[in-house]
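Single-letter residue listing:
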Amino acid sequence: MDPILEQYQALERKVSAYTPNLDTKRLFEAFTYADSEHHGQLRKSGEPYIIHPLAVADIVADLGLDVDSVIAALLHDCIEDTDATHQDIAKRFGEPVADLVEGVTKLTRVQYVTKEEEQMENLRKMLMAMAHDIRVILIKISDRLHNMRTMEYQSPMKQREKSLETMEIYAPIAHRLGMQKLKWELEDLSLHYLDPVGYKEIEEELAARSSTHEEFLAAIQTRIQKRMDDEGIRCKVYGRVKHTYSIYRKMYTQNKTLDEIFDLYAFRVIVDDIPECYNVLGCIHDMFKPVLGRFKDYIGTPKPNMYQSLHTTVIGREGIPFEVQIRTWQMHQTAEYGVAAHWKYKQGMANKELGTEADFEWVRKLLESQQDTDAEEFVRTLKVDMFADEVFVFTPNGDVINLPAGATPIDFAYSIHSAVGNHMVGAKVNGRMVQYDTPLHNGQIVEVITSKNAKGPSRDWLKIAKSNEARNKIRQWFKKEKREENIATGRAQFESELRHAGMKLEAITAEEVLPHILHKVRFGTLDEMYASIGYGGTTSAKCVTRIRDEMLRLGRLQAEKAAQAAKTTSESTIFPGNAAPQPILKGSNKHSDSGIIVEGLGNCAVKFAKCCSPVPGDAVVGFITRGYGVSVHRADCPNAAPERRKPEEADRWVKVSWVEGSLPCYKTSLELSAKDRDGLTLDIATALSAAKVKVTALAARSMPDGYAVINMVLEVKDKTELNTVINKLNNIQGVYQVLRTNGK
Ligand code: MN
């Protein structure tokens, strides 16, 4: 059979499923009319044009809209692209259908000079149309969704343009109308064209872990379902990985890797009535550990777009946090289809309580506000309302400045001009002086006080500023104005970081090493690197991590060997037989404040991976991050699973262990001299083991005159313990001296 006719019949089945007494003749006539009107026209894909209106009608039917909307969707491009007129359509299908088609056409026709203007106006038209007949918008969004789904056939220019518009106008409107499902798809499709690399990265990373994800999702889902069955609660449990754009935005705004994103997973428990929602919540909190401050009751307080659900984030045995959304089936419909669910209930279900006009309070308010404000003001207030992650403030002249949410007077000043920021000496909000770190709110009037004699931005501003624009401009200033100072600050930061990593400046500046180091950090000279650290172009942590990698590669850091030795001695207290002379690596193992020992590394920064939150006693492994320090995972954390480790990062996985016993311990080094003999080192190791002290390094050297010198680093609680150890060592046969050698 003709695939197009087949597509039509599927549509007819879909519509009749929710439309009692469907006039199939009228629907079919709309299809044949559109088909003949578009006859000979082709989509960019080369297919006959009619597949587009059919697909749009299908989306409209998915939303459960009435038959007039479905017919209007079939005809939506007729006025624009064919000879058909409003009268033709009105004659055949009635005035309401013709009005809907014309409404969609008007939105399609909007053309403007500048992008900004176009978007503003587009938005305004949308909202006007929405207020007039919301179905126009729903058809238009469906139209856009299908166009986005088939965007691959368009030119790259067009792809970008349409994606941007979709991201900035259609997705927020879908959100505002509560149509989550459409919104997600629109966002993901747009992101695919707006940042293909970022999109692909996430998709690939997710795909690489899909089996782990699926396993986790299935396991939790089964557990929840089982508990609900036990409790006698009728429900359906769904689990999913969050959609790509929401992950992307979290990674981007919070500057996190996929591993660090707090809640990648979301589960939904759908039940029959509201009391059960709260029962389910109780069970979930009983089964898993709730994360404080993450519970939200959108049933008691629905979102403006009518969304209702209970939200909570919990952590299971796996140490992986996930979100659980609990809602009734009715709430679920509203969450998925938003305003469109209105029709679904009006048409299909007997229950008339839902979908009353009161649910669309905000549409009504919109209409009202439209009457007493001019169009621009109207759009401005709406934009404020719709784009929650932005803040709109005013200059004293009334110009609107658009900043990211949480922006401060510093962001404001730099968004006006870099000179304004660089000369700022104070800021006023609504006429009152404020601190620079005061977050700005919608509608505030912000005034920047400048002075010719201003000293310029301070480095703290980099931490306060929220917008990339401001931060970049501040960095530029430091780069240009303060080279000497940058070098000094940068150098100090770098040296301190280097010390933390257990490396010495002399070691890396050695003639034969320095060129490799500079190449690795990609700077021409050390001063350039210092300057860059100073103005914030890079960080000392980043540089030191790279340098450490390079030193390891060059074999200049015997960390591995030392770690090995330390491990052998401290764990089994058996010293390897005739040990080759080996220097003690100073500071090879140190306590860090975190209670974690990173083998082979200095007292580096340690953070606990959020994915698995290890606690003392757990088997743990460490990962040297690119940013800062070592991230500690539980050994059984999926993110640390050996099969998931990338080969090129093999050397960044390091052994870590918990500091044992009661803290604090103090590090001390001893040098023991003795007459060399077989079994000497074994005796020493045994004595240390008997004294129960932690040995972090041990090295023996045979001297030419038949003596041996043994250096060791120990950790002791106090001097009494140290003296006991020294006594024990002194009692070993052949030992003639035990000295403390701190600082050597
Ligand atoms: Mn279209």
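Look above for the structure.
Residues numbered from 1 in each chain as written. Predicted model: local features only at pLDDT ≥ 70, side-chain atom pairs only at ≥ 80, totals over all residues. Heavy atoms only, no water.

Considerations on the nonpolar core
Residues Leu11, Leu75, Ile89 and Ile141 are the most contacted members of the largest nonpolar core, which totals 61 residues. Of all the elements, helix α9 (residues 134-149) adds the most residues to this core, at 8 residues. The residues contacting Leu11, other than those within four sequence positions of it, are Leu54, Ala57, Asp58, Ala61, Val70 and Leu74. Core analysis: the next-biggest nonpolar cluster, separate from the first, contains 40 residues, Met228, Val237, Ile261 and Val269 among them. (Core = buried A, V, L, I, M, F, W, Y, C linked by side-chain atoms within 4.5 Å. Buried < 20%, exposed > 50% of the residue type's maximum accessible area, 1.4 Å probe, protein only. Helix = DSSP H or I, 4+ residues; strand = E, 2+ residues; numbered from the N terminus. Contact = heavy atoms within 4.5 Å.)

Describing the coordination of the manganese ion
The manganese ion binds to the protein through His52 (NE2), His76 (NE2), Asp77 (OD) and Asp143 (OD); the donor distances cover 2.2 to 2.4 Å. Within one chain, the residues donating to the manganese ion are spaced in sequence as H-x23-H-D-x65-D. Of this pair, Asp77 sits in the loop between α4 (67-74) and α5 (78-81) while Asp143 is found in helix α9, placing the two residues 66 residues apart along the sequence. For Asp77, a relative accessible area of 5% corresponds to the buried category. (Donors = N, O, S within 2.8 Å, 3.2 Å for Na, K, Ca; no water.)

Description of the pairing of strand β18 (residues 694-702)
Where β18 meets strand β19 (residues 707-716), 8 bridges bridge the pair, whose relative direction is antiparallel. Of the residues in β19, the one forming a bridge with Ser702 is Ala708. Between β18 and β19, which pair antiparallel and follow one another directly, the connecting turn spans 4 residues, one of which, Gly706, has a positive phi of 85°. (Pairing = 2+ DSSP bridges.)

Concerning a positive patch on the surface
Taken together, the side chains of Lys520, Arg522, Lys542 and Arg546 define a basic patch exposed on the protein surface. When you line up the elements, Lys542 lands in helix α28 (residues 540-553). (Patch = residues over 30% accessible without salt bridge, like charges linked within 9 Å, V, L, I, M, F, W, Y side chains within 5 Å. Areas by Shrake-Rupley, 256 points an atom, 1.4 Å probe, with all protein chains shown as cover. Salt bridge = Lys/Arg side-chain N within 4 Å of Asp/Glu carboxyl O. Lys, Arg positive; Asp, Glu negative; His and termini not counted. Charge placed at Lys NZ, Arg CZ, Asp CG, Glu CD.)

Thoughts on helix α10 (residues 156-176)
Along an α-helix, residues three or four apart share an orientation, since each turn contains 3.6 residues. Here α10 spans 29 Å end to end across 21 residues, near enough to the 30 Å set by a 1.5 Å rise per residue. Its maximal kink placed at Thr166, α10 deviates by approximately 40°. One or two steps after α10, the chain reaches Gly178, where phi turns positive at roughly 80°. (Expected span 1.5 Å × (residues − 1). Bend = angle between axes of the 7 residues up to and from the residue.)

Topic: the pairing of strand β2 (residues 265-271)
Within β2, 7 of the 7 residues are buried, which leaves the element mostly enclosed by the surrounding structure. Every second residue of β2 is oriented toward a common face, with Tyr265, Phe267, Val269 and Val271 on one face and Ala266, Arg268 and Ile270 on the other, all of them buried. Two elements, strand β1 (residues 235-241) and β2, share 7 bridges in a ladder whose sense is antiparallel. Bridge pairing in β2 places Arg240 opposite Ala266. The pairing of β2 with strand β6 (residues 321-328) spans 7 bridges and is parallel. Counterpart to Tyr265 in the pairing with β6 is Phe322.

Structural notes on the packing of aromatic side chains
For any pair of aromatic rings, the description rests on two quantities: the centre-to-centre distance and the angle between the ring planes. What the rule picks out here adds up to 17 aromatic pairs. Taking 6.5 Å as the distance between ring centres and 65° as the angle between the ring planes, the aromatic pair formed by Phe216 and Phe267 counts as edge-to-face. In this pair, Phe216 is assigned in helix α13 (residues 210-231) and Phe267 in strand β2, connecting sequence segments 51 residues apart. Like Phe216, the residue Phe267 is buried in the burial classification. With 5.3 Å between their ring centres and 90° between their planes, Tyr707 and Tyr736 make a pair best called edge-to-face. Taken as a pair, Tyr707 in strand β19 and Tyr736 in strand β20 (residues 735-740) lie far apart in primary sequence, 29 residues in all. Through pairs of rings, three or more aromatic residues link up here, namely Phe216, Tyr265, Phe267, Phe288 and Phe322. Lying across the ring of Phe478, Arg459 places its NZ or CZ 4.4 Å from the centre. Directly above the ring of Trp653 sits Arg645, whose terminal nitrogen or CZ lies 4.4 Å from the centroid. (Phe/Tyr/Trp six-rings, centres within 6.5 Å; stacked < 30°, edge-to-face > 60°. Lys NZ or Arg CZ within 6 Å of the ring centre and 35° of its normal.)

Quick word on the packing of helix α26 (residues 514-521) against α28
Look at α26 against α28: their axes get within 9 Å of each other, and the N-to-C directions meet at 135°. Here α28 runs oblique to α26, going by the angle between their axes. Taken as a pair, α26 and α28 cross one another with a handedness that is right-handed. Contact with α26, carried on its side by His516, Ile517, Lys520 and Val521, involves Cys543, Arg546, Ile547, Asp549, Glu550, Met551 and Arg553 of α28 and no other residues of that element. Here the residues of the contact of α26 with α28 sort into 5 nonpolar, 1 polar and 5 charged. (Axes fitted to C-alpha atoms, helices over the stretch in contact; angles between N-to-C directions. Parallel < 35°, antiparallel > 145°, perpendicular 65-115°, else oblique. Left-handed = near helix turned anticlockwise from the far one by under 90°. Nonpolar A, V, L, I, M, F, W, Y, C, P; charged D, E, K, R; others polar.)

Overview of the sheet that holds strand β15 (residues 630-634)
In a beta sheet, neighbouring strands are held together by backbone hydrogen bonds and run either parallel or antiparallel to one another. Spatial strand order, β12-β16-β14-β15-β13: 5 strands in an open sheet with mixed pairing. At either margin of the open sheet sits one strand with a lone partner, and together these are β12 (596-598) and β13 (606-608). On average, adjacent strands in this sheet sit at an angle of 35° to one another, irrespective of strand direction.

Here's the deal with the pattern of salt bridges
Under the counting rule described, the total for this entry stands at 20 salt bridges. As a salt-bridge pair, Arg149 and Glu185 come within 2.6 Å of each other at their nearest N and O atoms. Separated by 36 residues along the polypeptide, Arg149 in helix α9 and Glu185 in helix α11 (residues 180-194) bring together distant segments of the chain. By relative accessible area, Arg149 is classed as partly exposed at 39%. With its nearest N and O atoms 3.1 Å apart, the salt bridge here joins Asp230 to Lys226. Highlighted residues: Asp230 and Lys226, both in helix α13, separated by 4 residues, approximately one helical turn. Connected via shared salt-bridge partners are Lys14, Asp58 and Asp62.

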